[in-house]
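Next come the chains, spelled out residue by residue.
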Amino acid sequence: MKILVINAGSSSLKYQLYNMENESVLAKGRVERIGFESSILAHEPEGKEEVTEVSEILDHTTAIKKVVQMLIHKEHGILSSIDEIEAVGHRVVHGGESFSNSVIVTEEVKQEIKKLFDLAPLHNPAHIMGIQAVESTMPDVPQAVVFDTAFHQTMPASSYLYAIPKALYNKYKIRRYGFHGTSHDYVSDRAAAFLDKKPEDLKIVTCHIGNGVSCTAVKHGESFDTSMGMTPLEGLMMGTRSGDLDPAVVPYIMGKVDLRISEVNSMLNKHSGLMAISGDSSDMREIEEGMDAGDTNAKLAFDMYEYRLRKYIGSYAAAMDGMDVLVFTAGVGENSSTLRKRICDQLTFFGIELDDKINETRSKNERRISSSNSKVEVLVIPTNEELVIARDTYKLINN
Ligand code: AMP
C-alpha cells in the first residue's frame, strides 16, 4: 500500500510517499512559494536524481497536482499511475480538545478543524487547504489527519490549566495544549523499545530540539506535562521564539514602543530566541561556530538556551518523581554533541553520566550515549513524524 504524507503550510507543502510494505520512502519533496509566480517544486525520488522545477503555483490544489504529476513523471516519477496512491495522511497542528487520536477525514472532522482556526491561525487553515486540494485531485482516495496536540490530551488539568479565571477556559478553551506530540510519542515509544522495556514502566523526559523546541514528561507511556502551551510560543527558548516570559512584558512593550498586537506576536515568534540574543542567527550550527570563535553574543545565546532546557528537564524529573530515561531528538538534539554534553554534565545530581566518546560519534542511528554507570539512560533517537503519520493513516484505513 502506498501512502502520501502531506504537511501543508500557508505558502509551502512538504510531502513523502511511503511504501507501507516495508515502510520505505519512495519519494519526498517540497513546494515553496505557493501563491507566487515563481514557485519551486523540489522533488527527491528514491534512487534517482533530485529535480527542481520553477513554475507558477497559485494555490494548494495546483501544488498537489504538480506533486502528483512529478510522482508519475516518466523520468523523475516513482509510480506508474496516480491510482497507486491508496491513502493520504496530513499533519494537522491543532486538534484542540476535540482530537486525542488520529482520525479519517469526514465533513465533521473538517468542521472541527475549522473551529480551531482561532487557536492556530497560521496552521489549521493551511491544513484544510491541503485536504481540499487532495479532495479535488484524488476524490476517491481516503484521507487521515494526525494532530500535533493529540498525544498531550492525556495531561491532567493540573498540567494543562493556566491559573487565570476559569471562565476563560470554559468559554474560549484557553489552556495548554502542547505540540510536537507526534515526535514525543514516537521517540518515547522507540526509547522503550530500544531498552527492551514497556513504556508503562518508564518515566521519560523527551527533548525535541529543532527549530522549535519542546520538552515532555512522558509518564508510563502518556504525556503528563509538556513545555509548549496554548500556542508553540510557551516554554523553551527556540531558534526565533522567546519561550517563557513574564506576561506583563507584553502590555509594557506595547505601551512603551507603540506596537500593535500582530507586531508583538511577530517579535516574540520570529525575532526572538537564539536570533535575538546572538543578534545574528537562529541556526545552532552557526551559534556554536560563533561561540568557538569567541563571539560573546553567540555564547550568551547558547548559555541561555542550554540553561532553560536543563531547568525544564529537572522540573519534569520532579513532576514525575523520577526520570529513568532522557531522550534527545530533532535537528539540534540529534546532532549537537556540544549541547548534549553541556546539559548532561550539569545533571550529575540525577546520577546522569555521559559516555563522551559515544556522544561525540556522529550517527543517524538510535543510540545510548550514557555510560554504564549512569542512573538515567540517555538516548539519542532520531524523530520521524512523517512515518507516524503514514503508520496512523495505514492503521485507520485498514480498520
Ligand atoms: P529541525 O527543526 O528538527 O529540522 O532542526 C533544525 C535545526 O537543527 C537547525 O536550525 C540547526 O540549527 C540544527 N542543526 C542541524 N544540524 C546541526 C548540527 N550538526 N549541529 C547543531 N545543530 C544542528
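Structure first, text after, so check above.
Residues numbered from 1 in each chain as written. Predicted model: local features only at pLDDT ≥ 70, side-chain atom pairs only at ≥ 80, totals over all residues. Heavy atoms only, no water.

## With respect to the pairing of strand E8 (residues 143-147)
Here's step 1: Where burial is concerned, most of E8 is hidden: 5 out of the 5 residues are buried.
Here's step 2: Burial along E8 is two-sided: the residues Gln143, Val145 and Phe147 and Ala144 and Val146 are all buried.
Here's step 3: Where strand E6 (residues 85-92) meets E8, 5 bridges bridge the pair, whose relative direction is parallel. Note on E8: the bridge partner recorded for Arg91 is Val146.
Here's step 4: Pairing of strand E7 (residues 103-104) with E8 involves 2 bridges; the strand directions are antiparallel. Residue Val103 lies in a different strand from E8, and its bridge partner there is Val145. (Buried < 20%, exposed > 50% of the residue type's maximum accessible area, 1.4 Å probe, protein only. Helix = DSSP H or I, 4+ residues; strand = E, 2+ residues; numbered from the N terminus. Pairing = 2+ DSSP bridges.)

## Topic: the sheet that holds strand E5 (residues 51-57)
Here's step 1: Sheet architecture is open: 8 strands sit in the order E5-E4-E3-E2-E1-E6-E8-E7, paired in mixed fashion. Of all strands in the sheet, those bounded by a partner on one side alone are E5 and E7.
Here's step 2: Examined bridge by bridge, strand E1 (residues 2-8) and strand E2 (residues 12-19) share 7 bridges and lie antiparallel to one another. The residue of E2 that forms the bridge with Leu4 is Leu17.
Here's step 3: On the sheet, helix H3 (residues 124-137) packs against E1, E6 and E8 and is oriented at approximately 170° with respect to E6. (Contact = heavy atoms within 4.5 Å. Axes fitted to C-alpha atoms, helices over the stretch in contact; angles between N-to-C directions.)

## What to know about the site of the ligand
Here's step 1: In the neighbourhood of the ligand, the contacting residues comprise Gly210, Asn211, Asp283, Met284, Arg285, Ala330, Gly331, Val332, Asn335, Ser336 and Arg362.
Here's step 2: Within the side chain of Asp283, an N or O atom sits 2.8 Å from an oxygen atom of the ligand.
Here's step 3: At 2.7 Å from an oxygen atom of the ligand is found a main-chain nitrogen or oxygen belonging to Met284.
Here's step 4: Surface burial for the ligand is 73%, taken as the share of its 500 Å² of free accessible area covered by protein chains.
Here's step 5: Among the secondary structure elements, those contributing two or more residues to the shell around the ligand are helix H10 (284-292) and helix H12 (330-335).
Here's step 6: Top element by residues in the shell around the ligand is H12. It accounts for 4 residues.
Here's step 7: Classifying every residue of the shell around the ligand by side-chain character gives 3 nonpolar, 5 polar and 3 charged. (Near = heavy atom within 4 Å. Polar contact = N/O pair within 3.5 Å; in protein donor to acceptor, adjacent residues only side chain to side chain. Areas by Shrake-Rupley, 256 points an atom, 1.4 Å probe, with all protein chains shown as cover. Nonpolar A, V, L, I, M, F, W, Y, C, P; charged D, E, K, R; others polar.)

## Observations concerning a nonpolar patch on the surface
Here's step 1: On the surface, Ile164, Leu168 and Tyr172 cluster together to form a nonpolar patch covering roughly 260 Å² of accessible area.
Here's step 2: Accessibility expressed as a relative area gives 38% for Ile164, which makes it partly exposed. (Patch = residues over 30% accessible without salt bridge, like charges linked within 9 Å, V, L, I, M, F, W, Y side chains within 5 Å. Salt bridge = Lys/Arg side-chain N within 4 Å of Asp/Glu carboxyl O.)

## Observations concerning the packing of aromatic side chains
Here's step 1: Evaluation of the coordinates by the stated rule reveals 4 aromatic pairs.
Here's step 2: Where Phe99 meets Phe147, the ring centres are 4.3 Å apart and the plane angle is 10°; that geometry is what we call stacked. Of this pair, Phe99 sits in the loop between E6 and E7 while Phe147 sits in strand E8, placing them 48 residues apart in sequence. Taken as a pair, Phe99 and Phe147 share a single burial class, namely buried. (Phe/Tyr/Trp six-rings, centres within 6.5 Å; stacked < 30°, edge-to-face > 60°.)

## Brief notes about helix H6 (residues 181-194)
Here's step 1: In this model H6 runs 20 Å from its N-terminal to its C-terminal C-alpha over 14 residues, within 8% of the 20 Å that 1.5 Å per residue would give.
Here's step 2: Taken together, the buried positions of H6 are occupied by Gly181, Thr182, Ser183, His184, Tyr186, Val187, Ser188, Ala191 and Ala192.
Here's step 3: In this fold, the buried residues of H6 make contact with E8, strand E9 (203-209), strand E10 (213-219), strand E12 (325-329), strand E14 (377-380) and helix H15 (385-398).
Here's step 4: Asp196 occupies a position one or two residues after H6 and carries a positive phi of about 60°. (Expected span 1.5 Å × (residues − 1).)

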